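Tertiary structure, described
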Amino acid sequence: MDIALASAIRNCTRVEGRNSGLAAVPPSASPDCAAPACAVELIGSYQGSGRTDETYLARRDDGQWVELSPLLSLTLSYLDGVRTSAQVADQVTAAWGRPVAGEDIDYLIDKKLVPAGLVGTTSGKHQRPDLVLALRCKKVLLPARLVSAISRPLRFLFWGPIVVLVTGLFLGVETYAFASGRLLAGVHRAVDRPSSLLLVVGLMLCSIFVHEMGHASGCRYGGATPGALGVGIYVSTPAFFTDLSDGYRLGRSGRVRGDLGGVYFNAVYAVALFPFYLITGSTLLLLVIAAMVLEIIEQMMPFVRSDGYWAISDLAGVPDLFSYFGSAFRRGQWSGPRGARLTKSSRRLVKSWGLVTMIVLPIEMVVALLALPALVMASWHAVLGHLRVLSHQEGMATVATAVLGIAFTCVVMFAMAYGVVYITWRLVRLATNNTSAPHHGGSRGRRIRRLARASLVIGAISIPVAWSAAQVH
Amino acid sequence: MSMSPAELDAQDVRLLPERATLHRGGGGISIHQTAIATVVDLGGSGDTNVAVAAIVNL
């Protein structure tokens, strides 16, 4: 892309920025003149993208980020509800350096910008991406302004010398924790006394909050504004999250800093707890300090959308690694969804991630399935135990404990069964969508494909479960 | 039209995923935990309850 075009888009972005985003359609606007949806903001070029062609970013009024080709971005920047398509075409032609007709502009608006929710009214529901293994049923716990207020003073922790100091201290503290031989005492103390267990659970919950603030502070250090902190359902279990979507406006290093800010703050938390351990000598604190290593390891797993996944995604400059999953193993000239071409280094990284994920995730699934019969048996015995308590003892507290125990066991087993079926279904759908040839055959073909997918899912789940159940029996 | 239909159709517009950094809240089951707990269990403890306890985060 030439410099003049980039400059034209940047200039338009600045103008719209001064006017609080692209304005709504003015009262005198002609119905034939397209206008961007209210408050659509053109951000500029997508920095650190792994694609060989340059792309641009826009943000919708509902917070959805959209990646656009230069021509679409340029077109969007000239739409104001007053100019006709022919006038917009003239402007685009001048900036782009290639002839564009009014009909071309109409086509781009109707087929590209309107479906993406970037042009037209803001009423009604916009299109949202259907993501594999994404967080659902999200609820805000801490609004964006509070997250910003808390994270702003913590930015200094991302200053280079402090990062080096904290990392060194963390390594020292963890070496001491694991070499001290006192961790087992901490485990026993936590299990033996309910009050001790409560303290450990409380400190671990604090670590989650600190972790999320690490993401927010890292994002803010780079110049982006973190969103709300909340809780949602990830596959079938509750998960906390921080919305770092504004990080798309940052460069590659800024986005990776936001991704790794969470685990870095786990290290900060461990270092901050250590003086309290030295003062009190409490093995419970040592246990929590050691647990931060496990937290960091789990968070850095890149196979589901945890911190490790986002770090690899940002290093590769690919916002949705799963959409490249099937493409990574195609023969011939390599290209992602809709023919997106990646640079050599991004391609290597995405292929490596795809290969490791393709091996590890199914293995983990099989291991989980093999464990399922034993878990069901253990849960069933737990339920029977609670029922025996209910039938032989009286008292409100006993009954409540037993009922809660049964309910908890049932919820946990349901969550696991649902999670296994859901992940298997999505993986099968992902594999069959990305690797098969274009679909033909109409409704009959669709029915056959669904049947084939359902058979694959049933087979993938039932074979290891049946084998394991036979072993347990 | 000045541009060909193929050229117009090639103009890419893509909805980006929300960047929600996840942290599991516990009280449930993660695949990783299940795998780790089961491997630990198979590694010689012989007590399935170890795996169960780890998985439900008790």
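Small disclaimer: the values here were computed from a predicted structure and weren't measured.

Comments concerning the overall build of chain B
What chain B contains, in helices and strands, is three helices and two strands. Along the chain direction, N to C, the helices and strands of chain B fall in the order α-β-β-α-α. Among the 58 residues that make up chain B, the fraction classed as buried is 41%.

Points about the overall build of chain A
Scanning chain A from terminus to terminus reveals 14 helices and six strands. Per-residue burial for chain A yields a buried fraction of 39% across its 473 residues. When contacts within chain A are restricted to residue pairs at least 6 apart in sequence, those whose partners lie at least 24 apart make up 68%.

Brief notes about the sheet that holds strand 1 (residues 41-45) of chain A
Sheets are built from strands that pair by backbone hydrogen bonding, the pairs being arranged parallel or antiparallel. The strand order across the open sheet formed by four strands is 1(A)-2(A)-3(A)-1(B), and the pairing between neighbours is antiparallel. The sheet is open, and its two borders are formed by strand 1 of chain A together with strand 1 (13-15) of chain B, each paired with just one other strand. With strand direction ignored, the average angle separating the axes of adjacent strands in the sheet is 25°. Judged from the four bridges that link them, strand 2 (residues 56-59) of chain A and strand 3 (residues 65-68) of chain A form a sheet pairing that is antiparallel. Its bridge partner lying in strand 3 of chain A, Tyr56 of chain A is registered against Leu68 of chain A.

Section: the domain arrangement of chain A
You can read the domains of chain A as domain 1 (3-113), domain 2 (130-320) and domain 3 (325-333 + 343-473). Looking at the side of domain 1 of chain A that touches domain 2 of chain A residue by residue, the classes come out as three nonpolar, five polar and no charged.

Some thoughts on the confidence of the model for chain B
Residue and element names in this part refer to chain B. Summing up the model confidence of chain B, the mean pLDDT is 60 and the portion of residues at 70 or higher is 36%. For chain B, per-element mean pLDDT is lowest for helix 3 (residues 48-55), which scores 44, and highest for strand 1, which scores 88. Overall, residues 36-58 carries pLDDT values under 50, and its contacts beyond four positions in sequence, including any with other chains, amount to 32 contacts. With a pTM of 0.76, the predicted complex shows an ipTM of 0.73.

Focus on helix 3 (residues 85-96) of chain A
Residues and elements named next belong to chain A. Across its 12 residues, helix 3 extends 16 Å between first and last C-alpha, which sits within 8% of the 16 Å expected from 1.5 Å per residue. Of all the positions in helix 3, only Ser85, Val88, Ala89, Val92 and Ala95 are classed as buried. Projected down its long axis, helix 3 shows its buried positions confined to an angular sector of 130°, all on one face. Among the exposed residues of helix 3, those oriented more than 90 degrees off its buried face are Ala86 and Ala94. A positive phi of about 85° marks Gly97, the residue just after helix 3.

Examining the packing of helix 2 (residues 70-78) of chain A against helix 4 (residues 102-113) of chain A
Residue and element names in this part refer to chain A. Contact geometry of helix 2 with helix 4 gives a least axis separation of 11 Å together with a crossing angle of 105°. Taken together, the axes of helix 2 and helix 4 are roughly perpendicular relative to one another. On the side of helix 2, the interface is formed by Leu72, Thr75 and Leu76, while helix 4 contributes Ile105, Leu108, Lys112 and Leu113. Partitioning the contact of helix 2 with helix 4 into residue classes produces five nonpolar, one polar and one charged.

What about the nonpolar core?
Residue and element names in this part refer to chain A. Counting 51 residues, the largest nonpolar core has Ala267, Ala270, Leu273, Ile289, Ile312, Leu321 and Val350 as its most contacted members. Where this core is concerned, the elements lending two or more residues are helix 6 (160-179), helix 8 (194-221), helix 9 (252-280), helix 10 (283-299), helix 11 (307-316) and helix 12 (344-392). The biggest single contributor to this core is helix 9, with 13 residues. Split by domain, the residues of this core number at least three in each of domain 2 (130-320) and domain 3 (325-333 + 343-473). If we skip the residues at most four places from it in the chain, Ala270 touches Phe170, Val173, Glu174, Ile289 and Met292. Listed in part, the 29 residues of the second largest apolar core include Leu42, Leu68, Leu118 and Tyr248.

A word on the pairing of strand 6 (residues 237-243) of chain A
For a regular strand, side chains alternate in direction, first toward one face of the sheet and then toward the other. Residue and element names in this part refer to chain A. For strand 6, the buried fraction is high: six of the seven residues fall into the buried class. Direction of pairing for strand 5 (residues 229-234) relative to strand 6: antiparallel, over a ladder of six bridges. Its bridge partner lying in strand 6, Val231 is registered against Phe240.

Digging into the confidence of the model for chain A
All names here are of chain A. The pLDDT averaged across chain A works out to 80; a share of 79% of its residues lies at or above 70. Here residues 1-31 scores under 50 on pLDDT; set against residues more than four positions off or in separate chains, the count is 44 contacts. A low-confidence stretch, residues 435-439 stays under pLDDT 50, and its non-local contacts, those more than four residues away or across chains, total two contacts.

Remarks on the pairing of strand 2 of chain A
Residue and element names in this part refer to chain A. Residues of strand 2 alternate between two faces, with Tyr56 and Ala58 on one and Leu57 and Arg59 on the opposite face, all of them buried. Where strand 1 lies against strand 2, four bridges are found, and the strand directions are antiparallel. In the strand pairing of strand 2, Ser45 is matched with Tyr56. Connecting strand 2 to the antiparallel partner strand 3 that follows it, the hairpin turn spans five residues, and Gly63 within it adopts a positive phi of roughly 90°.

Focus: helix 10 of chain A
Residue and element names in this part refer to chain A. The end-to-end C-alpha separation of helix 10 is 24 Å, in line with the 24 Å expected for 17 residues at 1.5 Å each. By the criterion of burial, helix 10 is predominantly enclosed, with 12 of the 17 residues buried. Along helix 10, the residues that are buried comprise Thr283, Leu284, Leu285, Leu286, Leu287, Val288, Ile289, Ala290, Met292, Glu295, Ile296 and Gln299.

Concerning the packing of helix 6 of chain A against helix 10 of chain A
All names here are of chain A. Relative orientation of the contacting elements helix 6 and helix 10 amounts to 115°, with a least axis distance of 9 Å. The two elements helix 6 and helix 10 cross, and the hand of that crossing is left-handed. Between helix 6, through Val173, Glu174, Ala177 and Phe178, and helix 10, the contact on the second element is made entirely by Leu286, Ile289, Ala290 and Val293. Of the residues contributing to the contact of helix 6 with helix 10, the split by class is seven nonpolar, no polar and one charged.

Parameters and conventions
- Residues numbered from 1 in each chain as written.
- Chains lettered and ligands numbered in written order.
- Predicted model: local features only at pLDDT ≥ 70, side-chain atom pairs only at ≥ 80, totals over all residues.
- Helix = DSSP H or I, 4+ residues; strand = E, 2+ residues; numbered from the N terminus.
- Buried ≥ 20, exposed ≤ 12 C-beta atoms within 10 Å, placed from the backbone.
- Contact = placed C-beta atoms within 7 Å.
- Pairing = 2+ DSSP bridges.
- Axes fitted to C-alpha atoms, helices over the stretch in contact; angles between N-to-C directions.
- Domains from an automatic or database assignment.
- Nonpolar A, V, L, I, M, F, W, Y, C, P; charged D, E, K, R; others polar.
- pLDDT = per-residue confidence, 0-100.
- Expected span 1.5 Å × (residues − 1).
- Arc of directions from axis to C-beta.
- Parallel < 35°, antiparallel > 145°, perpendicular 65-115°, else oblique.
- Core = buried A, V, L, I, M, F, W, Y, C linked by C-beta atoms within 7 Å.
- Left-handed = near helix turned anticlockwise from the far one by under 90°.

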